[in-house]
Amino acid sequence: MKSFNIGNLEIKLPIVQGGMGIGVSLSGLAAAVANEGGVGVISVAGLGMIHNERHLGFLEDNNWGVQKEIRLAREKTKGVIGVNIMVALSNFADLVRTSIAEKVDIIFSGAGLPLDLPAYLKPGSVTKLVPIISSSRAAKLICNKWKSAYGYLPDAIVVEGPKAGGHLGFKPEDIDDPNFALEKIIPEVVEVANSYKDEKEIPVIAAGGIYSGGDIRKFLNMGATGVQMGTIFVTTKECDASDTFKNEYIKAKKDDLRIIHSPVGMPGRALDGEFIQGVEAGLKHPKACPLHCIKTCDYVNAPYCISQALFQAARGNLDKGFVFAGFNAYLADKINTVKEVIAKLKREFAAAQ
Ligand SMILES: Cc1cc2nc3c(=O)[nH]c(=O)nc-3n(C[C@H](O)[C@H](O)[C@H](O)COP(=O)(O)O)c2cc1C
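Keep in mind that what you see is a predicted model, and the values were worked out from it rather than measured.

Lay out the sheet that holds strand β13 (residues 267–271) with the relevant residues and their values.
Read from one edge of the open sheet, 3 strands run β9-β13-β12, paired in antiparallel fashion. Two strands bound the open sheet, and with one partner strand each, they are β9 (166–167) and β12 (257–261). One ladder, built from 5 bridges, connects β12 with β13; its direction is antiparallel. Following the sheet pairing, H261 is matched in β13 by P267.

Outline the environment of F245, listing residues and values.
Position of F245 among the secondary structure elements: in helix α9 (residues 243–251). Classification of F245 as buried rests on a relative accessible area of 4%. Residues F245 and V24, spaced 221 residues apart in sequence, show a C-alpha to C-alpha distance of 9.1 Å. Sequence-distant contacts of F245, that is, excluding residues within four places in its chain, are made with V24, V234, A313, A314, V323 and F324.

Tell me about the pattern of salt bridges, residues and numbers included.
Pairing between side chains of opposite charge can happen when the charged atoms of each approach one another. Taken as a whole and judged by the stated rule, the model has 14 salt bridges. Put simply, E53 and K68 hold a salt bridge, and the shortest N to O gap is 2.7 Å. Within this pair, whereas E53 is found in the loop between α2 (47–50) and α3 (58–76), its partner K68 is found in helix α3, the two being separated by 15 residues in sequence. For K68, a relative accessible area of 27% corresponds to the partly exposed category. Of the charged contacts in the structure, one is a salt bridge between D94 and R97, with a shortest N-O distance of 3.2 Å. A residue pair is termed a helical-turn pair when its members lie 3 or 4 positions apart in one helix, as D94 and R97 do in helix α4 (residues 92–101) at 3 residues. On the basis of relative accessibility, which here comes to 44%, the residue R97 falls in the partly exposed class.

Basis of the calculations
Residues numbered from 1 in each chain as written. Predicted model: local features only at pLDDT ≥ 70, side-chain atom pairs only at ≥ 80, totals over all residues. Heavy atoms only, no water. Pairing = 2+ DSSP bridges. Helix = DSSP H or I, 4+ residues; strand = E, 2+ residues; numbered from the N terminus. Buried < 20%, exposed > 50% of the residue type's maximum accessible area, 1.4 Å probe, protein only. Contact = heavy atoms within 4.5 Å. Salt bridge = Lys/Arg side-chain N within 4 Å of Asp/Glu carboxyl O.

By themselves these figures say nothing about function.
Put into structure tokens, the structure is as follows:
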């Protein structure tokens, strides 16, 4: 596997670990992946629930948690560290400002179009900006907007296809439609990136359902420069979620994966379980919105708080939440170290054509 550059950052291993909330990818997993030469990514979603020791209120605690996790990661690695900040978060602007002030290497931003992201850069900022999109139309829109409004083009583009875990940038009816498959979108986004070649090299990073070295080879052969992988890193020793959460992947069968309708207004891929079944039976009702964390959340009608549910699941409280997972989560059979996962991917990549 060849190294590549995101701006002036050299990424020795073309693997980005996808940001996973809430509390699934923190400094522990991110540093372990960065130590292997990939990009380690901290998900900033819900950090105010994890780092609430200063009792500043959820949004302020969230901001403080971002600073803390970036610093913790820096203590554990000299490698490349990113943060994942969803556009839909109500404190998006604060989280971006804090991450740039902390000189995080890369901000990955999806779950909406990060149309104003370059506005937060200051003279001397070192942070690279990478949108996560799910269509070539969105890639074009962001490139045009960033170029015309800020004179800036993305430092890379992550293309997340419908086999990813967590919230998906597709209509429910498009998820299984071959016209929306990652294999279809990648060449289209590569074409968009290539149209800017004279101005800037924009690496395209493929994500969603990539689980083996053979898969990596396939997408690099299609023109991607790197891959982003989430699910495969959940069942690692270093993943920041509880063992109960990780074991749900190991126990999972293919039929346990399903698409849910998230209160944030997007479909999501998750493992079936007690909590989801309870929601379907009409059992869960929050009394109030405790966090006001997501702009698009229909919290008046929502049957539960998505942030609480994801936070509780990662902690292992599966009666209070559910487990997001990618299409291939059922392939996990044991907990490995990040080093073992990457060594296996390299062997498979070498063996594949
Ligand atoms: C448990 C879990 C949580 C996730 N949370 C987020 C998130 O907070 N923000 C985000 O942009 N993507 C999130 N994702 C998507 C991943 O970052 C990644 O792009 C995707 O899962 C890649 O597909 P794969 O899991 O098949 O490798 C999540 C995925 C999983 C499995």
